[in-house]
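Fold and contact review
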Amino acid sequence: MLPILTQTDYVVLERLRKENAIAFFKNVTKFLVEEMYKYIEDHRVWRMAIMGETRVGKSEVGLTMCTLYEQKFNELMKLG
């Protein structure tokens, strides 16, 4: 279980959101998948940690990433 945020935590979070808005509100899924593909192409090990509260979709994210990984890996294996 994640700890409950304090008032100080909310103040810090609000400041971070204002100073780094792109980090909080930008969808970087395409970048993540492209980076994973680069690792596969370069024969490097791809590791990911998926963390969060219970029932927020961690397993779905993990399965999706594994499926994308497997598809790219098999595609490259067929090409030699």
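It should be noted that the structure appears before, not after, this text.
Summarised in this report is the structure supplied together with it. (Residues numbered from 1 in each chain as written. Predicted model: local features only at pLDDT ≥ 70, side-chain atom pairs only at ≥ 80, totals over all residues. Heavy atoms only, no water.)

Before going further, it helps to spend a moment on the overall build of the protein chain. The number of helices and strands found in the protein chain is four helices and zero strands. Of the regular secondary structure in the protein chain, the N- to C-terminal order runs α-α-α-α. Relative to its length of 80 residues, the protein chain is extended, with a C-alpha radius of gyration of 17 Å against a globular reference of 12 Å. Along the first, second and third principal axes, the C-alpha set of the protein chain runs to 55 × 30 × 20 Å. Here the protein chain holds 80 residues, and the buried ones make up 8% of them. In the protein chain, 44% of the contacts between residues at least 6 apart in sequence involve partners at least 24 apart. Total accessible area on the protein chain is roughly 7400 Å²; 59% of this is exposed by carbon and sulfur atoms. (Helix = DSSP H or I, 4+ residues; strand = E, 2+ residues; numbered from the N terminus. Rg over C-alpha atoms; globule rule 2.2 N^0.38 Å. Buried < 20%, exposed > 50% of the residue type's maximum accessible area, 1.4 Å probe, protein only. Contact = heavy atoms within 4.5 Å. Areas by Shrake-Rupley, 256 points an atom, 1.4 Å probe, with all protein chains shown as cover.)

Turning next to helix α4 (residues 58–79). With 22 residues, α4 should reach 32 Å at 1.5 Å per residue; the first-to-last C-alpha distance of 32 Å fits that figure. The complete set of buried residues in α4 reads G62, M65 and K72. The buried residues of α4 occupy an angular sector of 105° when the element is viewed end-on, so they sit on one face. The exposed residues of α4 that point more than 90 degrees off its buried face are S59, E60, L63, C66, M77 and K78. The inward-facing, buried residues of α4 contact α3 (29–41). G80 lies just past α4 and shows a positive phi near 95°. (Expected span 1.5 Å × (residues − 1). Arc of directions from axis to C-beta.)

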